[in-house]
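Examination of the molecular architecture
Residue-level listing of the chains:
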Amino acid sequence: GVYSFEDSPFIMEILTQLRDKNTDSIEFRKGLVKLGRYMGYELTKTMEVEKVKVETPLEETEGIIVKDRRNVVIITVLRAAIPLMEGLIKVFEHARVGIVSAVRGKAPEFKIEMDYVKIPQIKPEDTVIVADPMIATGSTLTRVLGEVKKYGEPKRTIVLGVLAAPEGISKIKSEFPDVEIFVAKIDRELDHKGYILPGLGDAGDRAFG
Ligand code: HSX
């Protein structure tokens, strides 16, 4: 499935700040960290929980643990996903982390160069979260998802982005039908250079200069 967080006013407010061209790189990075944290929190609502007993200082009662929260692998697509990962780790503090570099070439091929790949072993109980703020043509993520598959078969594979274009969503869905896509918002379209409109510009440049 494809899910957006458009009905979450707080996530939409952070997105609005990220879109604003007057937001500087300090605030932009902070915004991405916040989105990682709050979208990660939203993701826990889709995770399996387990009932546990807990003893308060006064008596025993029932509680829960979010079982899947303990078995998360975050795949960080350089560069723009670094602050997003920082936020995600506040929710998934046990996460193992894979790092992948992917540089998209020019239109119309949008060829992907992937020079650095370091991904931990993926186990059957894992939830893999592939984080990249921007899903434009989907070329980067389909390439990364193909690579991630080599490291094991997880329980779930989730793509977590901030903005997606309809074209990128369709490409991922057609090549990886089992992958779940969570984004803050699905934007209108791609321009001829492969930029998302209205978008927020180049997330890597805005965060890191
Ligand atoms: C930007 O372009 C993003 O952070 C992604 O890594 C990439 C998305 O473009 P696309 O491959 O979906 O077209 O640097």
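Residues numbered from 1 in each chain as written. Predicted model: local features only at pLDDT ≥ 70, side-chain atom pairs only at ≥ 80, totals over all residues. Heavy atoms only, no water.

Further remarks concern the pattern of salt bridges. Side-chain pairs of opposite charge can arise where the charged atoms are in close proximity. For the structure shown, the criterion picks out 13 salt bridges. The salt bridge involving Asp187 is made with Arg19; its shortest N-O contact spans 2.8 Å. With a gap of 168 residues between them, Asp187 in the loop between β12 (180–186) and β13 (189–190) and Arg19 in helix α1 (residues 9–19) connect regions that are remote in the sequence. For Asp187, a relative accessible area of 5% corresponds to the buried category. Where salt bridges share partners, they join Glu48, Lys67, Asp68 and Lys155 into one cluster. (Salt bridge = Lys/Arg side-chain N within 4 Å of Asp/Glu carboxyl O. Helix = DSSP H or I, 4+ residues; strand = E, 2+ residues; numbered from the N terminus. Buried < 20%, exposed > 50% of the residue type's maximum accessible area, 1.4 Å probe, protein only.)

Nonpolar side chains collect at one region of the surface, where Leu78, Ile82 and Phe208 lie side by side and expose about 210 Å² of accessible area between them. Secondary-structure assignment places Ile82 in helix α3 (residues 81–91). In this structure Ile82 comes out as partly exposed when scored by relative accessible area, which is 35%. (Patch = residues over 30% accessible without salt bridge, like charges linked within 9 Å, V, L, I, M, F, W, Y side chains within 5 Å. Areas by Shrake-Rupley, 256 points an atom, 1.4 Å probe, with all protein chains shown as cover.)

A separate point is the site of the ligand. Contacts to the ligand come from Arg104, Asp132, Met134, Ile135, Ala136, Thr137, Gly138, Ser139 and Thr140. Asp132 has a polar side-chain atom sitting 2.6 Å from an oxygen atom of the ligand. Separating an oxygen atom of the ligand from a side-chain N or O atom of Thr137 is a distance of 2.4 Å. For the ligand, whose free accessible area comes to 360 Å², the fraction covered by protein is 84%. Most atoms of the ligand, that is more than half of them, are within 2 Å of grid points of the largest pocket. Among the secondary structure elements, those contributing two or more residues to the shell around the ligand are β10 (134–135) and α4 (139–148). (Near = heavy atom within 4 Å. Polar contact = N/O pair within 3.5 Å; in protein donor to acceptor, adjacent residues only side chain to side chain. 1 Å grid on protein atoms, 1.4 Å probe; cavity = no way out; pocket = protein on both sides within 12 Å on 5 of 7 lines; lining within 4 Å. Sits in = over half its atoms within 2 Å of the grid points.)

Within the largest apolar cluster, 39 residues are counted, with the highest numbers of intra-cluster contacts made by Leu35, Met39, Phe92, Ile129, Val162 and Leu200. Contributing elements (two or more residues each) for this core: α1, α2 (25–44), β4 (72–78), α3, β9 (127–131), β11 (156–164), β12 and α6 (203–208). Grouped together as the second largest cluster of nonpolar side chains are 24 residues, Ala102, Ile112, Ile119 and Ile169 included. (Core = buried A, V, L, I, M, F, W, Y, C linked by side-chain atoms within 4.5 Å.)

The subject of this paragraph is the packing of aromatic side chains. By the definition in use, this model includes 3 aromatic pairs. Ring centres of Phe5 and Phe182 lie 6.1 Å apart, and the angle between their planes is 25°; on these two criteria the pair is classed as stacked. Taken together, the residues Phe5 in the loop between β1 (2–4) and α1 and Phe182 in strand β12 connect sequence positions 177 residues apart. Classification of Phe5 by relative accessible area gives buried; the value is 7%. Taking relative accessible area as the criterion, Phe182 reaches 4% and is therefore assigned buried. Aromatic rings pair up to connect Tyr3, Phe5 and Phe182 into one cluster. (Phe/Tyr/Trp six-rings, centres within 6.5 Å; stacked < 30°, edge-to-face > 60°.)

Each pair of packed helices can be described by the angle between their axes along with the distance between the axes. For the pair α4 and helix α5 (residues 166–175), the least separation of the axes is 9 Å and the interaxial angle reads 25°. Classified by the interaxial angle, the pair formed by α4 and α5 is roughly parallel. The hand of the α4/α5 crossing is right-handed. Only Lys171, Ile172 and Glu175 of α5 make contact with α4, whose side of the interface consists of Ser139, Leu141, Thr142 and Leu145. By residue class, the composition of the contact of α4 with α5 is 3 nonpolar, 2 polar and 2 charged. (Axes fitted to C-alpha atoms, helices over the stretch in contact; angles between N-to-C directions. Parallel < 35°, antiparallel > 145°, perpendicular 65-115°, else oblique. Left-handed = near helix turned anticlockwise from the far one by under 90°. Contact = heavy atoms within 4.5 Å. Nonpolar A, V, L, I, M, F, W, Y, C, P; charged D, E, K, R; others polar.)

The analysis is restricted to geometry; functional conclusions fall outside its scope.
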